[in-house]
Each structure stands twice: as structure tokens, then as C-alpha cells.
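One letter stands for each residue in the lines below.
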Amino acid sequence: MGISIIEIKNFKSLKSIYYDFSSKYDAFCILGENGAGKSNFLDAIQYFYEKLSSKKCFGDDVLDKVNTYSQKMQIEVVYDLRQLYKISSNSYLDDMINLLQNYTKDFKIAIKLIQYRSGEIKWFPNNYKVRHAISKIFPFYMIDTRFISLQEWSQLWEVMAELGISKPEKNDSQVIQLLDTCFEDIYKEKYTKSMERIQEILSTEKIYINHKDYKTKFMNALQLRLGGNEFMHDGNNLFYNSDGVNSLKYTKLFLHLISSLAETGWKDPLIILDEPEMGLHMSYIDELVECISRVKSKRVNIAFATHSTYLVSKLIKYDLETCIDRVFNYNDYSYFERMRDIVDDADKNIISTRETECYFAKGIVFVEGKTEFQVFHHRKLIELFPQLKHLHFYQSSDGACMKIIDPSNGKYTVPYLIISDMDKILKYKNKHFHIKEDTSINPLSIEKFSQAEKYMYYRLNGAKSRTYGMRKKIMKILKEKEFIINNSHYWLDGIDYNYLFTSIKHYCYEYRVYPVQTTIEGSLINSNNLNYFADWYLQKFPNNADRFQNELLKPSFENLTCKTLFFRLIANGKTDFLMTKKEADNQKILPTDLVPAVNELSVGNKVNGWIKEYLDYVFTKAIDCCSNILTKKIEFAKLFPELNDILQILCIMIK
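Residues numbered from 1 in each chain as written. Predicted model: local features only at pLDDT ≥ 70, side-chain atom pairs only at ≥ 80, totals over all residues. Heavy atoms only, no water.

### Examining the overall build of the protein chain
Scanning the protein chain from terminus to terminus reveals 28 helices and 19 strands. In terms of C-alpha radius of gyration, the protein chain reaches 34 Å, well past the compact-globule figure of 26 Å for 655 residues. The C-alpha extent of the protein chain, read off along each of the three principal axes, is 115 × 55 × 50 Å. Counting the 655 residues in the protein chain, one finds 50% classified as buried. Taking contacts inside the protein chain between residues at least 6 apart in sequence as the whole, the part at least 24 apart equals 75%. Across the protein chain, the mean location of the 87 positive side-chain charges is 4 Å away from that of the 83 negative side-chain charges. (Helix = DSSP H or I, 4+ residues; strand = E, 2+ residues; numbered from the N terminus. Rg over C-alpha atoms; globule rule 2.2 N^0.38 Å. Buried < 20%, exposed > 50% of the residue type's maximum accessible area, 1.4 Å probe, protein only. Contact = heavy atoms within 4.5 Å. Lys, Arg positive; Asp, Glu negative; His and termini not counted. Charge placed at Lys NZ, Arg CZ, Asp CG, Glu CD.)

Shown next, in the form of C-alpha cells:
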């Protein structure tokens, strides 16, 4: 590829950017939210090329505005000339290639632009002919469909002429004689008379034509041979088509022309497509990606700046080696980070917009199922914790999908949290809790974590982490302590039980995993809000009122823990020993009269809307009536302590 490296310092928000156009990739995809710095990166490249072949000095205000003490900015582009050293039949380029050879090292040439705050510009090497040659051999093209005229494709003629240009093999007088002979044969006497009058008028007015404008001559030759300069599509004027159709056709034609003519003209162009998805239906995006796959070439750098999750997913799936770079803004400066390549075809095939949405997120929360999804998207909860609007919630229990988008695995720095049920961490058997091995999110079961904790797991402040000690204590409890289910009460309690679960929560959080005590239903229905749940239930299911109240009259429900478990099972939750009512019933753990009551009084499945209705009820009765946001949050924390802990972590994550 032509461009090897672009290095930018102190250009607007780009304090220090090193961008590697590695030759192993077919396309480069630059992602980032608005304001992250993508446009500044594109502006820097465009600015460099605008100045490259100009002899003028410019006073553009492009320097770092955060650090006013910075006195200069610089853009350095390294070009790889290896492909141009092959035997060329294009005499137009021969002189330029010979000139560049005097400045190359290891087949590469570096061109550096330095601009001072005063506006003064310096070039290295300080040779205008070298820069002019670079601009011709390594041209830069940007397609921004927001600003091109979709009904007038005049820029395409410029592209065709620039890439296909060649010096004429005959001198000017020979060319004129051949043209006159040809046109006189075509247009007869009309041509001769018109030409005589035009030349007379130009001479009288002392107006002359630049005979050295080879590009325009070549462009006119192409237009003449092709029959004109107005493009039509399928027999219709371009005004006949929608903007989306014209945008797609323009971009495809642009890419085909550049890719093909670059080979003919011995040039190595850079093409940047800025938000090419604008105005395109998904089927048109498919067609665009298919086109890119067909025209990919080692002579052409193709880069995208995009907001389209669909475009990114298609680029990854197609037969394209795609490099993905995330841009993010921190303390008013832009930073780039290159994500790990997805090389496994099986992984590529499962990529969809659900996964690529995570690449654009400010923060990712991995959740197991629909219940969590409903909770964290609840309107009242978002009003109370507006930071939730900036988080992306990814729902999947599929370890393969999570592996692909896990920031720690993909090597990008988006903050994230994995919220799981405790049964993904532990299982209960024979009076003991055991570590769950068949899960990809359990830090206690991952061998490399335990090894790292022993020898090199340190906090940022340099102190040895407590994590290894926490693991040892957890392992000791699991090995030595029995957790016996009380037959009359069918729950677990005691200091050891609470200490174990609290320790596991703290330990797992070191690895960005938050295991809830049982399930998310257990966070919603706990000993602090049982009265609200009971009142809501009676209002929601009046036909079950008698049975519900009769159950609560049983002596066992005088115990708050027993009552909490009963309500939790009604709402599809799990027991303290991490079993569903069906699993516990199969093992004959629960009292025989409990399961029929739970089945009859069940709130229904997880997607029937009861979660929203229940939260709406609690907010209306207990939280909305509070006088201000602070007291609302205090009341919420009292009623939903575990859920509040999670929300506090998520808010800190965004900050």
C-alpha cells in the first residue's frame, strides 16, 4: 500500500496520533461517537494534502487549543515506494519516481509538515518538486456524501484524468495537426471556421491556453471518446433517481475507477469514505461492501469513518481483512486504539449489529436475560439514574459472543460490567457450595487469574492486591464449611453463608463481574420491600387474593426470610442454594405444600410485563412522592439495596 504511517501531533484535538496503515488489511474502519475526534483526523489528512503541492503559506488555525503553550503542530506521512520501483510503462511518472529515489530509505520516504502558531509552515524535505511528485503518485480522495452533488458527478472526470494521465508521445504541433485532421473529417468546414474565429478572438484579447495542463487535456480526451461529460443511469438522467441510489452508484463507480486506474497509472491512492452509509438502506450497504470486496487492492488504502453498526458488521463478515480503530475523547484530547482482529471465521459469522453496537458504546453492561434488560431500561429508573442512557446493555448468555465483544479480550478500553446470577459462580451439592467450572465469566474458575494473583497481580498504587488473599479465604470456606438446609425453613442463613457470598461479590468485582445474591428477581424482591410486593400482587391478581393471603397465614411465613423466599419463587426467582423451584422440588428439598402454591400464584413468565408494572407501583407509592432527587435516591436504596449497589457502580463507570 502507498501510505505506510501517518503521525499527527498537536492538530486540534489530536495531541499525538500514530496511525499504521498495515499492509495486511484490506480496509480500515474508524469508529467513534460525535466529538471523539474522527473528523479532526480526516481534516488533518486533508489539510496535509491541500498544502502538499501549494507554494503558499497559510494561517489556518489548526493548532492544539487546549494547551495554548504548544507552539507548533506537525503531520508526518510515510510512503512506501516498493511497488513503484517495478518497471513502469508510464513515462509521465518516470521523472517523479527518479526524483523520489534520492530521498528514500529502505524503500520509504517521509514527508513532514510543521506549522507554527504564527502560521509559518516548514516542510521536510524542503523540496517542492518532491512534494508535488508525492501528491501525484499518492493521491488522496475523500467521499463525503453529505457534501457531494449527487446529480452532478464532475469529480469523477477529475479522478479518471488524474489516475490515467500520461504524457503524449507526440509534441504539441503534431497533436494539433492530428486533431485538426480528425475533427475536420468529423465536423467538416464548420469546425475549421469556428476554430479560426476562436483563435483570432483569443489572440486579440491576449488570452492564451495553458498547453502544459496535461490532466485537462487527458480528461477532455476521455470525455470526447466517451461521448460527453454528463452521466446517466440506466437510460435516465441522475435527477430521476433518489439521493440514496445516486450515492451508492457514485461511490461504487468511484471505487471501481480508482482501483482499476491505479493499476494502469502506477499510483497508490488513499480513499477515505466519510459516513458512506448516509441515506443508504441496509441492502444498499450490503451492495457497497460487496463492491469494496471486489475492488480491494494492495495498491489502494481504503478507510472508513462511520457511525453504522450494520456497516461494521458487514465489513467484518465479508472476505475483507478489516482493521477496526476506536476513537475516544479524554480530557479534551482524542485517542485511537486498535482493536484485536477477529480471525476465526466462526466468530465472524456470528457478528451482528448487536455485537458491533458495543464498539460504539461509552460503557457496556453484559446481562443474562430479559429480566435484567427490562429493569435497566425502566423509564423511572433512568430518570433517577440518567447515566444509564449512556450505557449499552448487551443481553446474551452465549460465551462465544461475549468473548468477541469483551473489551478486555478485544483490546479496547470501554468500561464494562458483567452482571450474572450467582449460579454462574457457584453450585450447591452435598451440603457444600462448589465453584462452577463450565462458565466463561467466573473469575474463580479461570486458572490464569489465580496464577497472576500469586505472582504479579498489583494495583495501580503499587500495593499487592488483596485479591489473592480473598481467593484463599473463599476456597477455605468452600472446602471446610457445610451449608445445611433447614427442613422446616428451606433456606440457608448464618454468618458463614453471608460472608461467603459477600466475599465472592468483592472478589468477582475485581474482574468486572457482579454476581447478584441469587438472581435479578432476588434484587427486585427482598426483605425491605415485601409489603409493596404483596400490595402490588393483590392489585394485579385479585382472583388469587384468597389463596395468597391464606398462604401468608401459615406459621412459617412469620419468618421474614421464609416470606422473602416465597415471594421470590412466585416471581421466578431462585432459592438461597441457587436452585429454581423445579430443581429444588426434584431433589425433595422444598416442603410438599410449597410448590403447588408457588405454581398457582406465579406472576407468569419474565416477558409478560410484570417487572415494569411492579417497579411502576413501587415508584408511585414510595419514591415519586419524595421531595427531591436526593431523597428519592435514598428511598430507592432502602427498598432495593442490591440493585442500588449495581447502579452506583454503573454511574461511577460512566463518570
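### Here we look at unusual backbone geometry
Of the consecutive residues Phe124 and Pro125, the connecting peptide bond is found in the cis state with omega at -5°. Structurally, the position occupied by Pro125 is in the loop between strand E6 (121-124) and helix H3 (128-137). We note that Asn430 has phi near 55°; this positive angle belongs to a residue other than glycine.

### Quick word on the pattern of salt bridges
Taken as a whole and assessed by the stated rule, the structure comprises 29 salt bridges. Note that Asp185 is salt-bridged to Lys188, the shortest N-O span being 4.0 Å. Considered together, Asp185 and Lys188 belong to a single accessibility category, that of exposed residues. Salt bridges linked by common partners bring Arg547, Glu551, Lys554, Asp593 and Glu600 together as one network. (Salt bridge = Lys/Arg side-chain N within 4 Å of Asp/Glu carboxyl O.)

### A short note on the nonpolar core
In terms of nonpolar packing, the biggest core is built from 147 residues, with Tyr359, Leu426, Phe433, Leu500, Phe636 and Leu650 touching the most fellow members. A per-element tally of this core places helix H26 (residues 610-623) first, with 9 residues. Residues Ile8, Ile45, Ile97 and Ile111 belong to the second largest nonpolar core, which totals 52 residues. (Core = buried A, V, L, I, M, F, W, Y, C linked by side-chain atoms within 4.5 Å.)

### Let's talk about the pairing of strand E19 (residues 513-516)
A two-sided burial pattern is seen for E19, the buried positions comprising Val513 and Pro515 on one face and Tyr514 and Val516 on the other. The pairing of strand E16 (residues 416-421) with E19 spans 4 bridges and is parallel. Bridge pairing links Ile418 to Val513 in E19. (Pairing = 2+ DSSP bridges.)

### Considerations on the sheet that holds strand E10 (residues 270-274)
With respect to topology, 6 strands assemble into an open sheet ordered E7-E10-E11-E3-E12-E13, the strand pairing being mixed. The two strands at the open ends of the sheet, each matched to only one other strand, are strand E7 (140-144) and strand E13 (333-338). On average, each strand axis in the sheet is inclined to that of its neighbour by 20°, with strand direction left out of account. Strand direction decides the pairing type here: strand E3 (residues 27-31) and strand E12 (residues 322-330), joined by 5 bridges, are parallel. When the bridges of E12 are listed, Ile30 appears paired with Asp325. The sheet contacts of helix H1 (residues 38-52) involve E3, E7, E10, strand E11 (301-306), E12 and E13, and relative to E7 the element is tilted by about 140°. (Axes fitted to C-alpha atoms, helices over the stretch in contact; angles between N-to-C directions.)

### A word on the packing of helix H9 (residues 282-295) against helix H10 (residues 309-317)
With their axes 10 Å apart at the nearest point, H9 and H10 run at an angle of 35° to one another. Here H9 and H10 pass one another in a crossing that is right-handed. Here Met282, Ile285, Asp286 and Val289 of H9 come into contact with H10, specifically with Tyr310, Leu311, Lys314 and Leu315. Along the lines of polarity and charge, the residues of the contact of H9 with H10 split into 6 nonpolar, no polar and 2 charged. (Left-handed = near helix turned anticlockwise from the far one by under 90°. Nonpolar A, V, L, I, M, F, W, Y, C, P; charged D, E, K, R; others polar.)

### Regarding the pairing of strand E4 (residues 72-80)
For E4, the tally of buried residues reaches 8 of 9 residues, placing the bulk of the element in the interior. Alignment of strand E1 (residues 3-11) against E4, held across 6 bridges, turns out to be antiparallel. Bridge pairing in E4 places Ile5 opposite Val78. Two strands pair when backbone bridges link them, and E4 and strand E5 (residues 108-116) are joined in this way by 9 bridges, in the antiparallel orientation. In the sheet register, Met73 faces E5, and the bridge partner there is Gln115.

### Considerations on the sheet that holds E6
Spatially, E2-E1-E4-E5-E6 is the arrangement adopted by the 5 strands of the open sheet, whose pairing is antiparallel. Of all strands in the sheet, those with a lone pairing partner are strand E2 (14-20) and E6, marking the two edges. Recorded for the sheet is a direction-independent mean angle of 10° between the axes of neighbouring strands. By the bridge criterion, 4 bridges tie E5 to E6 in an arrangement that is antiparallel. For Leu113, the partnering residue across the bridge sits in E6 and is Trp123. Contacting E4, E5 and E6, H3 runs over the sheet at an angle of about 110° to E5.

### Things to note about the packing of aromatic side chains
According to the stated counting rule, one finds 43 aromatic pairs in the structure shown. Each ring, one from Phe533 and one from Tyr537, has its centre 6.2 Å from the other, and the planes form 35°; the classification is tilted. Taken together, the positions of Phe533 and Tyr537, both in helix H21 (residues 530-540) and 4 residues apart, correspond to about one turn of that helix. Comparing Phe533 with Tyr537, the two get one shared label, buried. Summarising the aromatic geometry, the rings of Trp536 and Phe541 are spaced 6.2 Å apart at their centres and angled 85° between planes, so their arrangement reads as edge-to-face. (Phe/Tyr/Trp six-rings, centres within 6.5 Å; stacked < 30°, edge-to-face > 60°.)

### Description of the confidence of the model for the protein chain
Residues with a pLDDT of 70 or more make up 92% of the protein chain, whose mean pLDDT is 85. Averaged pLDDT values for the elements of the protein chain fall to 66 in strand E9 (residues 236-237) and rise to 96 in helix H27 (residues 629-639). (pLDDT = per-residue confidence, 0-100.)

### Points about helix H7 (residues 214-226)
Look at H7: 18 Å from first C-alpha to last across 13 residues, which is about the 18 Å you get at 1.5 Å a residue. A positive backbone phi angle near 100° is found at Gly227, which sits one or two residues after H7. (Expected span 1.5 Å × (residues − 1).)

### Some details on the environment of Val289
When you line up the elements, Val289 lands in helix H9. Residue class for Val289 comes out buried when judged on its relative accessible area of 0%. Separated by 92 residues in the primary sequence, Val289 and Arg197 have C-alpha atoms spaced 52 Å apart. What Val289 contacts, discounting residues up to four positions off in sequence, is Leu311, Lys314, Leu315, Tyr318 and Leu320.

### Regarding a nonpolar patch on the surface
A cluster of nonpolar side chains, contributed by Ile186, Tyr187 and Leu224, occupies part of the molecular surface with about 330 Å² of accessible area. Tracing the sequence through the fold places Ile186 in helix H5 (residues 172-187). (Patch = residues over 30% accessible without salt bridge, like charges linked within 9 Å, V, L, I, M, F, W, Y side chains within 5 Å. Areas by Shrake-Rupley, 256 points an atom, 1.4 Å probe, with all protein chains shown as cover.)

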